[in-house]
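Read off the chains here:
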Amino acid sequence: MNTGLDGKVVAITGAASGIGAASARAFAAEGAKLALVDRDEAGLKALADELSATTISYAVADLSILHGVTTGLDEALAAHDGHVDVLFNNVGAGSLGLFDTLTDQDWIDTLQLNFLSQVRAATHLLPRMRAAKSGVIVNNASDLGRQPIVGGPDYAASKAAILSFTTSLAKSEGPYIRVNAVAAGATMSPMWSMPGGLADTFAAIHGVPREESIEAEMKARNLPLARIGQPHEVANVVVFLASDLASYVTSSVYGVDGGSIGSIV
């Protein structure tokens, strides 16, 4: 099927690894042009080298602050004359800190990166989409935004805010601009695999070796698919939502979570 993405300019935040990098690869496979933003310069360069056959540009920026979002996007899009067809708001981070361990600054930092980066990116690029009377925004949320657990209340709250923001924006920007969200479940990424990341956290919680901790956590969550997701599995849905195949889809949340949501809505 024709996705209609050939030649489209796709901006991706948090593009250097994980779901962002997998999405860059998936969009490139559809012939899209890429404008990538991340703070990880080495990761961006490696991805650009890998996708050298693709029209690609990137910028290194701190997406937790307004200036970083605006200047990063402008720099990455300069190679495309500032034009953008698709924005994938992907950047985010989190931990499983318990409520009593979180400081006021922890809450601020999480909301700045996970939620306000998306608000700021959309605010910055929407005028261009409005002028063109065309555009797509896909926001990366989380299953924890719909079904919080005890750990990481700041993370879950930031992701719930993204879901509300997605619906509000979809209603205000139709009929020319579509806005949807993916609610990714546990997905293998640096947030899980890095030293001190979620794999180490769950090793301590379940009392198992680190290499067994992810499987133990997936069993504890009673996932029907009984495994952690892979970044490309989320990326496939992101590309679908950005494509002409989803031309009648807006204000929707697509769960890519292995069946973690137990409710019927």
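Rules used in this analysis
- Residues numbered from 1 in each chain as written.
- Predicted model: local features only at pLDDT ≥ 70, side-chain atom pairs only at ≥ 80, totals over all residues.
- Heavy atoms only, no water.
- Helix = DSSP H or I, 4+ residues; strand = E, 2+ residues; numbered from the N terminus.
- Rg over C-alpha atoms; globule rule 2.2 N^0.38 Å.
- Contact = heavy atoms within 4.5 Å.
- Areas by Shrake-Rupley, 256 points an atom, 1.4 Å probe, with all protein chains shown as cover.
- Core = buried A, V, L, I, M, F, W, Y, C linked by side-chain atoms within 4.5 Å.
- Buried < 20%, exposed > 50% of the residue type's maximum accessible area, 1.4 Å probe, protein only.
- Pairing = 2+ DSSP bridges.
- Right-handed = clockwise from strand over helix to strand, strands pointing away.
- Axes fitted to C-alpha atoms, helices over the stretch in contact; angles between N-to-C directions.
- Arc of directions from axis to C-beta.
- Polar contact = N/O pair within 3.5 Å; in protein donor to acceptor, adjacent residues only side chain to side chain.

K.L.:
Is there a simple way to explain the overall build of the chain in this structure?
P.N.:
For the chain, the helix and strand inventory stands at 9 helices and 7 strands. Against the compact-globule benchmark of 18 Å for 265 residues, the chain has a radius of gyration of 18 Å, which places it among compact chains. For the chain, the C-alpha atoms occupy an extent of roughly 55 × 40 × 40 Å along the three principal directions. Here the analysis covers contacts within the chain between residues at least 6 apart in sequence; of these, 69% occur between residues at least 24 apart. Summing over all exposed atoms, the chain offers an accessible surface of approximately 12,000 Å²; the carbon and sulfur share of this is 56%.

K.L.:
How should I be thinking about the nonpolar core in this particular structure?
P.N.:
When a protein is soluble and globular, its nonpolar side chains tend to lie buried together. Of all hydrophobic cores here, the largest spans 34 residues; its most connected members are Ile-12, Phe-27, Leu-34, Leu-36 and Val-138. Elements that contribute at least two residues to this core include exactly β1 (9-13), α1 (18-29), β2 (33-38), α2 (41-50), β4 (86-89), β5 (135-140), β6 (177-184) and α9 (231-242). What Ile-12 contacts, discounting residues up to four positions off in sequence, is Gly-20, Ser-23, Ala-24, Phe-27, Ala-35, Leu-36, Val-37, Phe-88 and Asn-90. Among the nonpolar cores identified, the runner-up in size contains 31 residues, and Val-37, Leu-87, Ala-141 and Ala-181 belong to it.

K.L.:
Help me out: how do you make sense of the pairing of β5 in this one?
P.N.:
Residues in a regular strand project their side chains so that they alternate between the two faces of the sheet. Counting buried residues along β5, 6 of its 6 residues qualify, which places the element largely inside the surrounding structure. Residue alternation in β5 divides its side chains into two sets, Gly-135, Ile-137 and Asn-139 and Val-136, Val-138 and Asn-140, and both sets are buried. Bridge analysis of β4 against β5 gives 4 bridges, and the strand direction is parallel. Bridging from a neighbouring strand, Val-86 pairs with Val-136 of β5. Where the polypeptide runs from β4 across helix α4 (residues 104-132) and back to β5, its parallel neighbour, the crossover connection is right-handed. The pairing of β5 with β6 spans 6 bridges and is classified as parallel. Note that in β6 the partner of Val-136 across the bridge is Arg-178. In terms of handedness, the path from β5 via helix α5 (residues 153-173) over to β6 forms a crossover that is right-handed.

K.L.:
Help me out: how do you make sense of the sheet that holds strand β3 (residues 56-60) in this one?
P.N.:
Strand-to-strand pairing in sheets goes through backbone hydrogen bonds, with the strands running parallel or antiparallel. Strand order across the open sheet formed by 7 strands is β3-β2-β1-β4-β5-β6-β7, with parallel pairing between neighbours. Sheet topology places β3 and β7 (253-256) at the edges, where each strand pairs with a single neighbour. Strand-to-strand twist across the sheet, computed as the mean angle between neighbouring axes with direction ignored, equals 15°.

K.L.:
How should α2 be read in this particular structure?
P.N.:
One turn of an α-helix holds 3.6 residues; hence residues three or four places apart share an orientation. For α2, the set of buried residues is Gly-43, Leu-44, Leu-47 and Ala-48. One face of α2 carries all of its buried residues, which in axial projection span an arc of 135°. On its buried face, α2 sits against α1, β2 and β3. N-capping of α2 is provided by Asp-40, with a side-chain oxygen placed 3.3 Å from the backbone N of Ala-42.

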